[in-house]
Amino acid sequence: MVTGDSAQNKSLSRPCNSRPAGQSNRSLTRKQFEFSPQTLLIPVTLATTLAAAIPSTTLIELVRQGVCRLWNTSHGDPAALRAGGLSSPELCDAPEIAQFYATVLAILGAITAIVSIAGCGIFSRISSHYGRKPAFLIVLIPAIMSSCMIAGSQNMPDWLSGWILLAGMLFGVFSGPLGYLVDMYIVDGCVPEDRTAALSKIAGWAGLGTCVSFALGGSITTNTGNPVIVFYMAIAIYVATFIYVASFLPETFSEEKRSALSRMRPDMDGLPATTSLHIFEPLKMLLPTRRMDGTRNWRLTWCAAHTFLFMVAHSYASAAWLVIATSKYHFTPADTGLFLTVVSVSSTIFLMVIVPSLVCFLRPYYRREIKRSLLAEEDMINCEELESETSDHLHVHLAVASCVVKAVSFLILAASTTNRALIFSGICIGITSIHGPTTQSLIAGSVDPLKQGEALAAIEMVTHAGSFLSPIIMGSILTATIGTAPLFLFYVHLVAVLVSSALLFLVRDADRYQKPHEA
């Protein structure tokens, strides 16, 4: 006997691009004018990545000048300051200022990681308590304020300009959860069969915005000679995005879902949404849960361990290569720019075009037949139904393959001395961008749909923790070995990434989330 839920599961497992039985052409024509939340997210993703990245190349120079002003305000020679100003090139190139600049960047990086971890916890609670849309609107506000403060700092007195600039950068950190909120929108509105393809496409749109912004931002600043214009553009894009989200983007986490989630955690429901207890609440999702038979489910724990080790090993890899490329191989900015462009373009094309088709093509090879025990209400007789679903081994194998290719590609990249080798390595690294959507899909499939946002937040917090430790650990290795064995770091990177990928083999189909009547 087939219940309503099992019939729904069968409809969700139909082949890609197939038409449900009984659906007329008229209904299809009517529905083609309705836009899904995933489609409505495309302009948001493109706009926010464009606004975030378009001033990035200009911001690097502004930060250097701002740090120079701060140093010269308290340490500079008054006669030299009167002659050339607080941020003249001659004064900013001094060794002590360069050291101060590196220290400030290190402090900002540490603060960014800590605030990002806290921000994910805060906005996870806000989004589950008030909805995804209010959280999205709230996180756009510090993004707007950040661009306003950085642009305004250029018209302030020298003694105040540097502090306002740094404060603006800190405000920008609070806009970090934008990408995480986009992912929550995707998993809220997608059935499991379509989730990986949807996450891949939206990541591809984000990559497209990054590709365009890098070229556009540097060109505008160079041709106009005014570093503030790109920040005005970012402000305009953010404001337009705020209006668009408020007007057109639907709420995917309804009040009914929020109430159901609130009933799951009555001990936390009476507390304000931003208390310190709630900041780290998503991390509880990473603890192993107990099954009905008394055993423990470690699936999300293994995913978190993989993510943490992977980020510790990999976050510093690109920066380490830039150090070796410029100091050992003497690559020019044109050479490094070529590599970064190849990575961005190949990643965007692969995520938007190839990954959805690849997942659809491979899905039949990972079908598995399972038996569900059902209870017929009419005669109270237990019966079994044979259902078909896609094994999570599909995502595990794709994620592991991407890790292996990425680790080997970075080792080849570190040994490359020609542009052809750089292009080949860049294409291979771009292809490995499939790692993000596949692991996110595994994580979302590990928990109750009501808790998918919290699970993504927990993994995002682990990601930031790994990114924070990566420069400390991997940077220390590079510093100790760059003079004698510059490739040693990338062998360490290879081993660590392979070990992290091996943890994914511990993810089992039996540990995925199942509805209570299916467990």
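Residues take numbers from 1 onward in each chain, read along the sequence in its written order. Restriction of local features to residues with pLDDT of at least 70 applies here, the model being predicted, together with a cutoff of 80 or more for giving and counting side-chain atom pairs; totals for whole chains, interfaces and linings are based on all residues. Side-chain metrics in this entry use all non-hydrogen atoms of the structure; hydrogen atoms and water are not considered.

(A) Highlighting the overall build of the protein. By the criteria applied, helices consist of DSSP H or I runs no shorter than four residues and strands consist of E runs no shorter than two, each listed in order from the N terminus. A count of helical and extended segments in the protein gives 22 helices and four strands. When a residue's accessible area, from a 1.4 Å probe over protein chains only, is under 20% of the maximum for its type it is buried; when over 50% it is exposed; and in between it is partly exposed. The burial tally for the protein puts 47% of its 519 residues in the buried class. Within the structure as shown, the protein displays about 24,500 Å² of accessible surface, and the carbon and sulfur contribution to it stands at 67%. Reported accessibility uses the Shrake-Rupley method at a 1.4 Å probe radius. Residues are deemed covered only where the shown protein chains occlude them.

(B) Structural context of a nonpolar patch on the surface. Like charges within 9 Å and nonpolar side chains (Val, Leu, Ile, Met, Phe, Trp, Tyr) within 5 Å are joined into patches, using only residues over 30% in relative accessible area that form no salt bridge. Any Lys or Arg side-chain nitrogen found within 4 Å of a carboxyl oxygen on Asp or Glu counts as a salt bridge. A grouping of V404, V408, I412, F424 and L498 is seen on the molecular surface, where their side chains present a nonpolar patch of about 380 Å² in accessible area. Looking at which element gives the most residues to the nonpolar patch, the answer is helix α18 (residues 393–414), with three residues. For L498, the location among the structural elements is in helix α22 (residues 488–503).

(C) Representation of the environment of S433 within the structure. By the element assignment, S433 lies in the loop between α19 (419–431) and α20 (435–444). Considering only alpha carbons, one finds S433 and L351, 82 residues apart in sequence, at a separation of 7.1 Å. Those residues within four positions of S433 in sequence are excluded, and the remaining contacts are S347, F350 and L351. Within polar-contact distance, the side chain of S433 engages the side chain of S347 at 3.3 Å. Between two residues, a contact is recorded if the distance between any of their heavy atoms is within 4.5 Å. Polar contacts here mean pairs of N or O atoms no more than 3.5 Å apart (in protein, one a potential hydrogen donor and the other a potential acceptor; neighbouring residues in sequence count only if both atoms are side-chain atoms).

(D) Broad picture of the packing of helix α10 (residues 178–189) against helix α21 (residues 452–481). Only the contacting stretch of a helix is used when fitting its axis, a line to C-alpha atoms as for every element, and angles between N-to-C directions run 0 to 180 degrees. Interhelical geometry of α10 versus α21 gives an angle of 150 degrees and a closest axis separation of 10 Å. Crossing geometry of α10 relative to α21 is assigned as right-handed. Across from Y180, D183, M184 and V187 in α10, the residues of α21 making contact are Q452, G453, L456, A457 and E460. Under the convention adopted here, Pro, Cys and the residues Ala, Val, Leu, Ile, Met, Phe, Trp and Tyr are nonpolar, Asp, Glu, Lys and Arg are charged, and Gly plus all remaining residues are polar. Class assignment of the residues belonging to the contact of α10 with α21 gives a composition of five nonpolar, two polar and two charged. Left-handed describes a crossing whose near helix is turned anticlockwise from the far helix by less than a right angle; the clockwise case is right-handed.

(E) Broad picture of the confidence of the model for the protein. A score between 0 and 100, pLDDT records how confident the predictor is in each residue. Of all residues in the protein, 82% have pLDDT values of 70 or greater, and the mean over the chain is 81. Confidence over residues 1–33 falls short of pLDDT 50; this stretch has 30 contacts with residues more than four positions distant or in other chains. Counting interchain partners and residues more than four positions distant, the pLDDT-below-50 stretch residues 375–382 has eight contacts.

(F) Representation of the environment of N72 in the model. Considering the arrangement of structural elements, one finds N72 in helix α4 (residues 56–75). Separated by 86 residues in sequence, N72 and D158 place their C-alpha atoms 9.8 Å apart.

(G) Inspection of the packing of aromatic side chains at higher detail. Ring pairs are drawn from Phe, Tyr and Trp, using the six-membered ring of Trp, whenever the two centres fall within 6.5 Å, and their geometry is named by plane angle: stacked under 30 degrees, edge-to-face over 60, tilted for the rest. Evaluation of the coordinates by the stated rule reveals seven aromatic pairs. For the pair F136 and Y185, a centre-to-centre distance of 6.1 Å together with 65 degrees between the ring planes defines the contact as edge-to-face. Here F136, found in helix α8 (residues 132–153), pairs with Y185, found in helix α10; they are 49 residues apart in sequence, far enough to count as distant. When the ring of Y329 is compared with that of F331, the centres are 5.9 Å apart and the planes differ by 55 degrees; the resulting orientation is tilted. An aromatic cluster is present here, built from W321, Y329, F331 and F339 joined pairwise through their rings. Here R132 stacks its cationic end above the ring of F253, 4.0 Å away from the centre of that ring. Whether a charge sits over a ring comes down to the Lys NZ or Arg CZ being within 6 Å of the ring centre and within 35 degrees of the ring normal.

(H) Structural view of the packing of helix α7 (residues 95–130) against α10. Running from amino to carboxyl end, α7 crosses α10 at an angle of 35 degrees, the nearest separation of the two axes being 11 Å. You can see that α7 and α10 cross each other, and the crossing is right-handed. Contacts from C120, S124 and S127 in α7 reach Y180, L181 and M184 in α10. Here the residues of the contact of α7 with α10 are counted per class, giving four nonpolar, two polar and no charged.

(I) Structural detail: α10. By definition here, a helix of n residues has an expected span of 1.5 Å times n minus one. The end-to-end C-alpha distance of α10, which contains 12 residues, comes to 17 Å, matching closely the 16 Å that a straight helix rising 1.5 Å per residue would cover. Here α10 lies mainly inside the structure; 10 of its 12 residues are buried. Here α10 has its buried residues at L178, Y180, L181, V182, D183, M184, Y185, I186, V187 and D188.

(J) Up close: the side chain of R512. With respect to the element layout, R512 can be found in the segment after α22. Classification of R512 by relative accessible area gives buried; the value is 16%. A polar contact is formed between the side chain of R512 and the backbone oxygen of T390, at a distance of 2.7 Å. In this structure the side chain of R512 is engaged in a polar contact, spanning 3.2 Å, whose partner is the side chain of D392. In this structure R512 touches R299, R368, E389, T390, S391, D392 and G445, once residues within four positions along its chain are discounted.

(K) Molecular detail of the nonpolar core. In this text, buried Ala, Val, Leu, Ile, Met, Phe, Trp, Tyr and Cys residues form a nonpolar core when linked through side-chain atoms within 4.5 Å. In terms of nonpolar packing, the biggest core is built from 53 residues, with L41, F136, Y238 and V245 touching the most fellow members. Ranked by the residues each element gives to this core, the list is headed by α10, at eight residues. The contacts of Y238, once residues within four sequence positions are left out, are T48, A51, A52, L140, A143, I144, S147 and L178. The next biggest cluster of nonpolar side chains, apart from the first, holds 28 residues, and it includes Y316, A317, V343 and L494.

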